[in-house]
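Coordinate analysis (summary)
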Amino acid sequence: MSTLSPARDVRQKSRRGSTGFRGSGTFYAFISPWLIGTVLLTLFPLGYALWISFTNWDGIAPNQNWIGLKNYTDALSDPRMWASLQRTGLLALAIVPITICGGLGLALLLNEKVHWRSGLRMLVYLPAIVPPVAATLTWKLLFDRDSGAINGVLAIFGADAVSWMTGNTVFVVLLVVMLWGIGAGVLINLAALQDVPAELHEAARLDGANAFNSFWHVTLPSISPVLLFQVITTTIGVLQTFVPALLLSPANGPAAITAVPEANRIFMVDVYAQYFAYSKYGYASAMLWLFFLVILVVTIITFKIGGRTVFYAVDPSKEGKEG
Amino acid sequence: MTLIGHRPQTESPTAPPELPIRQSRERKNGVAFVILVVVCAMLFLPVLWLLLTALKTPQQLASDPITWIPTQPQVQNFIDATIVLPFWAYAANSLFLSTVTGVLTTVSSALVGYGFARLNGKGKKVLFGILIAMMMTPPIITLIPTYLLFAKVGLVGTYWPWVLWGMAGAPYLIFLYRQFFAQLPRELEEAAILDGCGRLRIFVQIFLPLSKPVVITAFVLSFNGVWGDFIAPQLLLNQDNTTLAVAITTGYVNSQGFPINNLLAAGAVLYVLPVLIMFFFVQRSYVNGFATSGMK
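Residues numbered from 1 in each chain as written. Chains lettered and ligands numbered in written order. Predicted model: local features only at pLDDT ≥ 70, side-chain atom pairs only at ≥ 80, totals over all residues. Heavy atoms only, no water.

**Remarks on the overall build of chain B**
For chain B, the helix and strand inventory stands at 15 helices and 0 strands. Residues classed as buried in chain B amount to 50% of the 296 residues present. Nonlocal contacts in chain B, meaning residues at least 24 apart in sequence, comprise 70% of its contacts between residues at least 6 apart. Accessible surface for chain B amounts to roughly 13900 Å². Of this, 68% is attributable to carbon and sulfur atoms. (Helix = DSSP H or I, 4+ residues; strand = E, 2+ residues; numbered from the N terminus. Buried < 20%, exposed > 50% of the residue type's maximum accessible area, 1.4 Å probe, protein only. Contact = heavy atoms within 4.5 Å. Areas by Shrake-Rupley, 256 points an atom, 1.4 Å probe, with all protein chains shown as cover.)

**Structural notes on the interface of chain A and chain B**
The interface of chain A with chain B comprises 99 residues on the first partner and 103 residues on the second. Between chain A and chain B we count 0 salt bridges in total. Taken together, chain A and chain B are joined by 6 residue pairs in polar contact (both at pLDDT 80 or more). Split by residue class, the side of chain A that touches chain B holds 68 nonpolar, 21 polar and 10 charged. (Salt bridge = Lys/Arg side-chain N within 4 Å of Asp/Glu carboxyl O. Polar contact = N/O pair within 3.5 Å; in protein donor to acceptor, adjacent residues only side chain to side chain. Nonpolar A, V, L, I, M, F, W, Y, C, P; charged D, E, K, R; others polar.)

**Brief notes about the pattern of salt bridges**
All names here are of chain B. On inspection of all chains with the given rule, the structure shows 7 salt bridges over all chains. Salt-bridge contacts for Arg118 lead to Glu189; the nearest nitrogen and oxygen are separated by 2.3 Å. You can see Arg118 sitting in helix H5 (residues 87-118) and its partner Glu189 sitting in helix H10 (residues 187-194), a full 71 residues away along the chain. Comparing Arg118 with Glu189, the two get one shared label, buried. Connected through shared salt-bridge partners, Arg118, Glu189 and Arg199 make up one network.

**Some details on the domain arrangement of chain B**
All names here are of chain B. The assigned domain composition of chain B is domain 1 (2-80) and domain 2 (85-292). Taken together, the contact pairs 11 residues of domain 1 with 8 residues of domain 2. Carbon and sulfur atoms make up 79% of the surface buried where domain 1 meets domain 2, a total of about 780 Å² over both sides. On the domain 1 side of the contact with domain 2, Leu50, Asn77 and Phe78 bury the most area, a combined 51% of that side's loss. Seen at the junction of domain 1 and domain 2, the total is 0 salt bridges. (Domains from an automatic or database assignment. Buried area = accessible area lost by both parts, 1.4 Å probe.)

**Quick word on the packing of helix H14 (residues 267-276) of chain A against helix H7 (residues 139-152) of chain B**
Where H14 of chain A meets H7 of chain B, the closest approach of the two axes is 12 Å, and the angle between their N-to-C directions is 10°. Put simply, H14 of chain A runs roughly parallel to H7 of chain B. Counted together, Met268, Val271, Tyr272, Tyr275 and Phe276 of chain A of H14 of chain A and Ile140, Ile144, Tyr147 and Leu148 of chain B of H7 of chain B form the full contact between these two elements. (Axes fitted to C-alpha atoms, helices over the stretch in contact; angles between N-to-C directions. Parallel < 35°, antiparallel > 145°, perpendicular 65-115°, else oblique.)

**A look at unusual backbone geometry**
The linkage connecting Asp64 of chain B with the following residue, Pro65 of chain B, adopts the cis geometry, with an omega of 0°. Tracing the chain through its elements places Pro65 of chain B in the loop between helix H3 (58-62) and helix H4 (76-81). Phi at Trp116 of chain A takes a positive value of approximately 50°, unusual for a residue other than glycine. Among the structural elements, Trp116 of chain A can be located in the loop between helix H4 (79-111) and helix H5 (117-129). On the basis of relative accessible area, Trp116 of chain A is assigned to the exposed category, the value being 61%. For Gln72 of chain B, which is not glycine, the phi dihedral falls at a positive 50°. Mapped onto the fold, Gln72 of chain B is located in the loop between H3 and H4.

**A short note on a nonpolar patch on the surface**
On the surface, Val153, Ile156 and Phe157 of chain A together with Trp68 and Ile69 of chain B cluster together into a nonpolar patch covering about 570 Å² of accessible area. Structurally, Phe157 of chain A is set in the loop between helix H7 (149-156) and helix H8 (169-179). (Patch = residues over 30% accessible without salt bridge, like charges linked within 9 Å, V, L, I, M, F, W, Y side chains within 5 Å.)

**So, the side chain of Thr242 of chain B**
Residue and element names in this part refer to chain B. Residue placement: Thr242 occurs in the loop between helix H13 (231-236) and helix H14 (244-251). We classify Thr242 as buried; its relative accessible area is 5%. With residues up to four places along the chain from it excluded, the contact list for Thr242 reads Tyr90, Asn93, Pro233, Leu237 and Ala247.

**With respect to the side chain of Thr106 of chain B**
All names here are of chain B. Of note, Thr106 is situated in helix H5. Accessibility expressed as a relative area gives 7% for Thr106, which makes it buried. Separated by 2.5 Å, the side chain of Thr106 and the backbone oxygen of Gly102 make a polar contact. Ignoring anything within four residues of it in the chain, the contact list for Thr106 reads Tyr177, Val215, Ala218, Phe219 and Ser222.

**Observations concerning the packing of helix H15 (residues 281-309) of chain A against H7 of chain B**
Contact pair H15 of chain A / H7 of chain B: the axes reach a minimum separation of 10 Å and the direction vectors enclose 150°. The pairing of H15 of chain A with H7 of chain B is recorded here as roughly antiparallel in orientation. The handedness of the crossing between H15 of chain A and H7 of chain B is left-handed. Between H15 of chain A, through Tyr281, Leu288, Phe291, Phe292 and Ile295 of chain A, and H7 of chain B, the contact on the second element is made entirely by Ile141, Pro145 and Leu148 of chain B. (Left-handed = near helix turned anticlockwise from the far one by under 90°.)

**Some remarks on the nonpolar core**
Residues Val133 and Phe242 of chain A together with Ile231 and Tyr271 of chain B are the most contacted members of the largest nonpolar core, which totals 155 residues. Considering each element in turn, this core owes the most residues, 13 residues, to helix H15 (residues 261-292) of chain B. Formed jointly, this core draws a minimum of three residues from each of two domains, domain 1 (2-80) and domain 2 (85-292) of chain B. If we ignore the near neighbours within four places in the chain, the residues touching Phe242 of chain A are Ile257, Met268, Val269 and Tyr272 of chain A together with Ile140 and Ile231 of chain B. Within the second largest apolar cluster, 32 residues are counted, among which are Ala110, Phe128, Met134 and Leu184 of chain B. (Core = buried A, V, L, I, M, F, W, Y, C linked by side-chain atoms within 4.5 Å.)

See the structure below:
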């Protein structure tokens, strides 16, 4: 040991010298905007919500009473909370697989040599960049009972007009609004597909692989890290859905949140209503924290399952070391 | 590529016959094309319907059976949509907030990304782990308690929250920058360090100019994020200083409180247009930003 350490010292010194390494000060100076921002604008609010969740604060009273875990036990025994959690899970189960597989399928098609490729690529991506407010309003017009195109098409086939915005059918509208952004992953997918080494496909072809085998054994493993990243971001994105569900409410303004039909009362709608319609700040904060934990667990499970199937051409633990 | 050989030929019959290899490479995939056209049509029809609705008269919107294509398109609707509510004032609010946040986020994320990619410090690994965790943290979960805190310190109703959010940078964009900066060769800063350049000067004069595609991507993403955001302005701003995203959802109603759908559609088109135009112009950099940043 003692004979080795001087050598290591020299090596470290020379490395420090060559990169101008002068302690941690410069590093912290550069990352300070994010570090301070994270503490003040993310961690502190999360801690604040955690504290409120142990109180019975109504948002107005100057004082809060510490009531321990009561909000959590209340939430966990509230069928309304479980129903909204279930709806949110259902939404994710419907949206995530379709978005990931559809996005990959579209990217594979766009990676082929086709006419008008760049134009088609833009059209696929277009709905994904339409802001959620405008996307929801657009579909609200399409599903309008009296003037919408959907009922217009149904009328051609002799069907009666459907009141899409009330009852369970409004969940269909929510699904459609969210699926409209199916092209969101197309750009990242295309970039990943173009990075798959052509030699690998060539080798697979020489080994007698057909198109499907080549996709399954060459393309899919190569782009699997990108797909895992998308599964995680899409899942988190769908779980926290709020704006489309709120805007599909038949009421406008402050009344909208309580008028959201039951079929669309997903978790964040419920949390928002508990805060701002029912002024149960303590209870709502407990719900918020429970949801945060649910998302955390879902993310970790996805990582664990995904980590086993994802194939890295470069060991990610070595990546960026030379930087 | 010979895999495609079994598929029906779709290239034009006028293709030069003396280049068989080239020809097979240039062969267009007809099946993929047809599927894509069908999908794109389905994805584009809602936009078309929005445009058609924006051009209809109130009578056409109330007709039975429905009016598919408005005879005498009402271009006037687009002007009316900017009059029934102070459209341009809200648009100015949106533009101001999106630009300020966009510029601040783009710069601060670049600084932090550079720090993570090219500098060393105690606890860097742990901090990078926290950064990744922050990428996964749903913004809506922190937004509501942040609103409660901002209300306590009197920041509700002001634009300061957006300045603070902008200065803090965005984890996802920091990650994009970090990936981009980490792959650049070490020689870039070595010579500058020997010349006695400070880190900030190296960052501003060498690294930032090289990261142009990422800078554009970061700005477009954060600009569009603020332009499209509904919840933060809904919670933090009021009727007078809110953004277009909030205003168009409540502003197009008649005196009985029913929505005026043709003006709503026209307003929505005008609201979306800047985002689409911006994306159209920066499309290439945007794609490069993802590709070169190793988002994989």
